Amino acid sequence: MAENTSTTGSGNGARWEEGLEETWRAVQESADGTLSVAAMIEDRRRHLRRLRGDVLGSVKRGMMRNLLVVADASQSMHDIDMRPTRMACVLETLPHFIRDFFSQNPISNVGLLETHDGRAYTMSGLSGSCARQLQAISQRKIIPSGEPSLQNVLLRAQQILGTAPAHASREVLIVYGSLSTCDPGDILDTIQALKNSRIKCSVIHLAAAVHICETLSRETGGRHVVALDEAHFKDVLLSFSVPPPGAAGSTVPTLLPMGFPKLETNGDGGPCVCCKLDSEPVCKVFSPSGYHCPRCKSKHCDLPTECRVCGLHLVSAPHIARSYHHLFPVAPFEEVKTHVIEEAAPSSTSGLLGIVCDGCDVPLSKNRSDVSYRCPKCSGLFCFECDTSIHEIIYNCPKCIAV
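Predicted model only: the values in this text are computed from it and were never measured. (Residues numbered from 1 in each chain as written. Predicted model: local features only at pLDDT ≥ 70, side-chain atom pairs only at ≥ 80, totals over all residues. Heavy atoms only, no water.)

Draft legend 1. Here's a closer look at the pattern of salt bridges. Counted according to the given criterion, the structure contains 7 salt bridges. Two residues, glutamate 114 and arginine 140, come together in a salt bridge whose shortest N-O distance is 2.5 Å. With a gap of 26 residues between them, glutamate 114 in strand E4 (residues 109-116) and arginine 140 in the loop between helix H3 (130-139) and helix H4 (150-161) connect regions that are remote in the sequence. On the accessibility criterion, glutamate 114 (2% relative accessible area) is buried. Its relative accessible area of 34% is what places arginine 140 among the partly exposed residues. Measuring nitrogen to oxygen at the nearest pair gives 3.7 Å for the salt bridge that ties aspartate 358 to lysine 399. With a gap of 41 residues between them, aspartate 358 in the loop between helix H11 (347-350) and strand E16 (371-374) and lysine 399 in helix H13 (residues 398-402) connect regions that are remote in the sequence. (Salt bridge = Lys/Arg side-chain N within 4 Å of Asp/Glu carboxyl O. Helix = DSSP H or I, 4+ residues; strand = E, 2+ residues; numbered from the N terminus. Buried < 20%, exposed > 50% of the residue type's maximum accessible area, 1.4 Å probe, protein only.)

Draft legend 2. Here's a closer look at H4. Taking 1.5 Å of rise per residue, 12 residues should cover 16 Å, and H4 covers 16 Å from first to last C-alpha, within 8% of that figure. Of all the positions in H4, only Leu150, Gln151, Val153, Leu154, Ala157 and Leu161 are classed as buried. Projected onto a plane normal to the axis of H4, the buried residues spread over an arc of 165° and lie on a single side. (Expected span 1.5 Å × (residues − 1). Arc of directions from axis to C-beta.)

Draft legend 3. A look at the pairing of E4. In terms of burial, E4 is largely enclosed, as 7 of its 8 residues are buried. Of the strand pairs in this sheet, strand E3 (residues 65-72) and E4 are connected by 7 bridges, and their pairing is parallel. In the strand pairing of E4, leucine 67 is matched with valine 110. Regarding the hand of the β-α-β motif, the stretch spanning E3, helix H2 (residues 86-104) and E4 is right-handed. Here E4 runs beside strand E5 (residues 119-127); their pairing, made up of 6 bridges, is antiparallel. In the sheet register, valine 110 faces E5, and the bridge partner there is serine 127. Two successive antiparallel strands, E4 and E5, enclose a turn made up of 2 residues, where aspartate 117 displays a positive phi of approximately 55°. (Pairing = 2+ DSSP bridges. Right-handed = clockwise from strand over helix to strand, strands pointing away.)

Draft legend 4. Representation of H3. What H3 keeps buried is the set Arg132, Gln133, Leu134, Gln135, Ala136 and Ile137. Where H3 begins, the capping side chain belongs to serine 129, and its oxygen is found 3.2 Å from the backbone nitrogen of arginine 132. (Polar contact = N/O pair within 3.5 Å; in protein donor to acceptor, adjacent residues only side chain to side chain.)

Draft legend 5. Highlighting the pairing of E3. Among the 8 residues that make up E3, 8 are buried, leaving the element largely enclosed by the rest of the structure. Burial along E3 is two-sided: the residues Arg65, Leu67, Val69 and Ala71 and Asn66, Leu68, Val70 and Asp72 are all buried. With 7 bridges connecting them, E3 and strand E6 (residues 169-176) associate as parallel partners. Following the sheet pairing, asparagine 66 is matched in E6 by arginine 170.

Draft legend 6. Spatial organisation of the sheet that holds strand E11 (residues 290-292). Strand order in the open sheet formed by 3 strands is E10-E11-E12, with antiparallel pairing between adjacent strands. The open sheet terminates on both sides in strands that have one partner only, identified here as strand E10 (263-264) and strand E12 (299-300). Of the pairings in the sheet, the one linking E11 to E12 comprises 2 bridges and is antiparallel in character. Within the sheet, the bridge partner assigned to tyrosine 291 lies in E12 and is histidine 300.

Quick look at the structure:
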């Protein structure tokens, strides 16, 4: 009888148990005797940046997104091929995705759906508040049960996104673990309706490639990825925080009025409008500070948001700037060996400490990986930490700006 390589590893245990073996090998001892896991952290960051680099380039991207995240909460999410269970892995990774999404897309909206027992349920509606979505995840006690219904959750997503404005993209991200779906009708008709509504659907499957999921992603212009393990699932999920390339006709260019309110700290201390209308408000303490809409003067506790009274989009200048950087991303830096640079550089330019990083002024010879990064425009040299900060936080080369 042939051995099932999908569940059995090379040792005595299952394959998913091999991730616990020999993890101490990632710990290295530096020259000064301290312990470091720099090699493991660098590999993880480089792999994540490589995933995000696949979608970076000079392409048209939207600044505003409406994304619905669908979580499969069926009986199959009890499986333990992802530690401790699939459901626990999803609930642990989802808050990281929410934070990263609003960091990359501060003027966008996110909603949360779940499917189990053949039905679709709304965990949280579309909202631009990161705290509101994190609160919905932490308060929701999901017990996987029954079978999922892919068609029902797609119909619910179409109902929510159908009323979304045309100037923002409409996206659905499904985290699916079951190999089947319990649908009340023909799901192919639903997929065609989603395509006609310009709703892009992507699927991250936790078990295997399923034909209907591939068809859904292909017909609507999304992506279909099968997660290999917990680390790969987190990398793939975080890659969806970057705005996807916009297809022709997916959005309608529109002049959108926005308000830029200032933080006022001498108010009357009353509740804000957004929390007055919510059954479970995020801010439960009355505060004299708040943002007042420049059009109707209503008070709001956080930015960005949409005024509940007049519908004006309330943002700040940094939010616009952070949404704008995806249109002109920093080009990937070239990897070069540090010792090759020091040997080729003349002694008059290297100085006593050798060649230093153009970002933090730390000698590149102290870089444990012996790899430096060169900007293709200004030929500036940077260490790994500065290269990561430039591409994921600053979004500008400091030497190019100085020149």
